[in-house]
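# Summary of structural features
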Amino acid sequence: MRALLLAIPLLLANASDPDTIPAPVRAMLDAAFASGNESEVATIVKYARGASPEHAETINKLAADWRSERRRNNERRIREAGLFDLMKGRAELGGYRTTGNTNNVGLSAVVELRREGLEWRHKLRVQGDYQESLGIVTRERYMASYEPNWKFDERAYVYGSALYENDRFLGFNNRFSLSAGAGYSAIKKPRLRLDLELGPAFRHTAFTNGKVESYPAARGSVDFDWKMTPGISLRQNASAYVQDSSSTVTSKSALVARLIGPLSAQLSYTLQYESKPQPGRDTTDTTSRAALVVDF
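In this report, we go over the structure that sits alongside the text. (Residues numbered from 1 in each chain as written. Predicted model: local features only at pLDDT ≥ 70, side-chain atom pairs only at ≥ 80, totals over all residues. Heavy atoms only, no water.)

## Description of the packing of aromatic side chains
As enumerated under the stated definition, the model contains 3 aromatic pairs in all. With 5.7 Å between their ring centres and 40 degrees between their planes, Trp-150 and Phe-152 make a pair best called tilted. Under the relative-accessibility criterion, Trp-150 is labelled partly exposed at 36%. Ring centres of Tyr-164 and Phe-176 lie 5.1 Å apart, and the angle between their planes is 45 degrees; this geometry places the pair in the tilted category. Remark: Phe-176 occurs in strand β6 (residues 172-188) and Tyr-164 occurs in strand β5 (residues 156-167); sequence separation between them is 12 residues. Accessibility expressed as a relative area gives 26% for Tyr-164, which makes it partly exposed. Over the face of the ring belonging to Tyr-157 we find Arg-121, whose NZ or CZ atom lies 4.8 Å from the ring centre. Over the ring of Phe-172 we find Arg-175; its NZ or CZ atom is 4.1 Å from the centre of that ring. (Phe/Tyr/Trp six-rings, centres within 6.5 Å; stacked < 30°, edge-to-face > 60°. Buried < 20%, exposed > 50% of the residue type's maximum accessible area, 1.4 Å probe, protein only. Helix = DSSP H or I, 4+ residues; strand = E, 2+ residues; numbered from the N terminus. Lys NZ or Arg CZ within 6 Å of the ring centre and 35° of its normal.)

Structural data, given as structure tokens:
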């Protein structure tokens, strides 16, 4: 790449037709376009314009045409894709076991699926946590969520959310939460993303003491993803259900480091706060995890 950039002035000096891009420069542009690498194309176009300002307009048009064609091809590929062709996912698996003076076991598993279309985005998440100490279960939590998004703008969208939870150690056997509202991608860059959501909700909770509650609520969420380096990412997901009877705030912070291929290592910290827990239970539950992550 550096050798090609240094050669541009020499190549242009040998060009005799001011109305036509010199063949060697056009060849370099075509090679950059063929690579499909946006950053490489931008670099070649930048230095070609600087070295040959009389051809800048033509070079800009070639680059704009390439980007437009690339966008059209991508949209065509998405429209013609099957149900599972655009599906991406990740699976987390963490756990531990100790023997000797203590006999403990703990397991945590998460599966996430995401399908990104031109107008619709679908997100599915399933999670299970289990912990046993000296033969006694000390943690058992199961969760499943589904969220469809309809994107009516480059950044704005309408979301739906369905959440099921089972956590008797937090005081409920079953809890269903439904919500719909507005979402906005406040930051939308290749390496940085921030999505915000807000809307009304409805929650139905069956407590371990036999009590059942059904109340309207408000829901808000923050989804932050920062790719700090090619191999290290920081993720922050938080959501809150606010209602008169009992409000809930959940948050997960994760640092992900790529190991090899689709395999990564993850350190995470999860917090769940219940404003009015059942008698004898704490308001805040936290979990620190180390897990292996596979992207697929």
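## Points about unusual backbone geometry
Both trends apply: most residues other than glycine have a negative phi, and most peptide bonds are in trans. With a phi close to 55 degrees, Leu-134 is a non-glycine residue in the positive phi region. Within the fold, Leu-134 resides in the loop between β3 (120-133) and β4 (136-151).

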